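Now for the letters of each chain:
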Amino acid sequence: MKSRLCTSTLLAFFLLPISVFAGDQEEEHQLCQTDINQPPGDIRSVSEAHVSQLEVQYIDSPSELVNNGLTLLASMRSFTANTLRLDDQLYTLEEFHFHAPAENTIDGKRYDMELHLMHRNSKGELAVVVVMFTEGAPNKALEGLWQSIPSVLEKRATLFAPVDINLLLPVDKTYWRLNGSPSSPSCLENAVWVVLQHPLTLSPAQLEKFTLTVHNHESTVAALSTGTTR
């Protein structure tokens, strides 16, 4: 399935920079603390800009899940056909994972859960698609994933049934865009972030199962610069 988005955009500014520890080495720690492009962040205000067309094609289901004590990570097979095209660059989906509560905030609001879909192009550059979740109706894709959640840390579990990753994306893919770095080590690696503006829902039971199984993960909000498409 392909989704296309090509419109004018807004450049959003983030305020109140806060230090974030994201590395084991002292040098990396210091650089992460001073990098204002380091997520998490809060979207505050916007001004007009332009970004290129966004094209997403997700065909394959993830192959396995792992609970690392911070998040639930779903990995893809190395030959996956799942791709993102951005700025005439083709990125391949490597894995996706969740944070509850959300790492980033929008106008000061922290959502119940946040999804990061991690893509990489042939140059080794990262592109991260972000989806917010709020409590409400159950999500069919999450239901399928949660059935395979490993209860033991670092244990990999094969999915019981294929999961349609497209159900983890909103129909309206209007987005904010920013250049930054991953919120997990190494935070020094550059990444393009595409934060979808429209959240999805998950049921209270789905959220509870995630938070009870995976260590509750909450980060300090930092300052960022980003762009938005509408």
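Residues numbered from 1 in each chain as written. Predicted model: local features only at pLDDT ≥ 70, side-chain atom pairs only at ≥ 80, totals over all residues. Heavy atoms only, no water.

**Quick look at unusual backbone geometry**
Formally: Runs of E in the DSSP output that reach at least two residues are strands. Runs of H or I that reach at least four are helices, and both are numbered from the N terminus.
Geometrically, the link from alanine 100 to proline 101 is a cis peptide bond, its omega value of 0° lying close to zero. Tracing the backbone shows proline 101 in the loop between strand 9 (89–99) and strand 10 (105–106). Of note in the backbone geometry, aspartate 88 takes a positive phi value of approximately 60° without being a glycine. Examined against the element boundaries, aspartate 88 turns out to sit in the loop between strand 8 (83–86) and strand 9.

**Regarding helix 3 (residues 204–213)**
Keep this limit in mind: Three labels apply to residues, based on accessible area from a 1.4 Å probe with only protein chains included: buried if under 20% of the type maximum, exposed if over 50%, partly exposed otherwise in between. What the arc covers is the set of directions going from the helix axis to the C-beta atoms.
Taken together, the buried positions of helix 3 are occupied by Gln206, Leu207 and Phe210. Relative to the axis of helix 3, the buried residues are bounded by an arc of 100° and lie together on one face. Opposite its buried face, helix 3 presents the exposed residues Ala205 and Leu212, each directed more than 90 degrees away.

**Things to note about the confidence of the model for the protein chain**
Stated precisely, the cut-off is as follows: The quantity called pLDDT is the predictor's confidence in a given residue, expressed from 0 to 100. Residues count as neighbours in contact if any of their non-hydrogen atoms are within 4.5 Å of one another.
For the protein chain, mean pLDDT is 75; residues scoring 70 or higher make up 67% of the total. Here strand 2 (residues 8–13) stands out as the element of the protein chain with the lowest mean pLDDT, 39, in contrast to strand 17 (residues 200–202), whose mean of 97 is the highest. A low-confidence stretch, residues 3–37 stays under pLDDT 50, and its non-local contacts, those more than four residues away or across chains, total 111 contacts.

**Let's talk about the side chain of threonine 174**
Secondary-structure assignment places threonine 174 in the loop between strand 14 (156–158) and strand 15 (175–180). The buried category is assigned to threonine 174, whose relative accessible area is 9%.

**So, the pairing of strand 12 (residues 113–120)**
Applicable threshold: When DSSP finds at least two bridges between two strands, those strands are taken to pair.
Most of strand 12 sits inside the fold, with seven of its eight residues counted as buried. Bridge count for strand 9 against strand 12 is seven bridges, and the pairing is antiparallel. Looking across to strand 12, one finds that threonine 92 is bridged to arginine 120. As paired elements, strand 12 and strand 13 (residues 126–135) share eight bridges and run antiparallel to each other.

**Digging into the nonpolar core**
Here is the rule: Residue types Ala, Val, Leu, Ile, Met, Phe, Trp, Tyr and Cys, when buried and joined through side-chain atoms within 4.5 Å, form a set referred to as a nonpolar core.
Counting 40 residues, the largest nonpolar core has Phe96, Met113, Leu117 and Leu145 as the members making the most contacts within it. If sequence neighbours within four positions are ignored, phenylalanine 96 has contacts with Pro62, Leu72, Leu73, Ala74, Met76, Leu115, His116, Leu117, Leu145, Ile165 and Leu168. Residues Val128, Met132, Trp176 and Val195 belong to the second largest nonpolar core, which totals 13 residues.

**Concerning the packing of aromatic side chains**
Here is the rule we go by: When the centres of two rings from Phe, Tyr and Trp lie within 6.5 Å, Trp using its six-membered ring, the rings pair. Their planes under 30 degrees apart give stacked, over 60 give edge-to-face, and anything left gives tilted.
Here the structure, examined in full by the defined rule, presents four aromatic pairs. Ring centres 5.3 Å apart and planes at 85° place the aromatic pair phenylalanine 98 and tryptophan 146 in the edge-to-face group. Taken as a pair, phenylalanine 98 in strand 9 and tryptophan 146 in helix 2 (residues 140–146) lie far apart in primary sequence, 48 residues in all. Assigned by exposure class, phenylalanine 98 and tryptophan 146 land together as buried. Here the aromatic rings of tryptophan 146 and phenylalanine 210 are separated by 5.6 Å at their centres, their planes lie at 20°, and the arrangement is stacked. With tryptophan 146 in helix 2 and phenylalanine 210 in helix 3, this pair connects stretches of sequence that are 64 residues apart.

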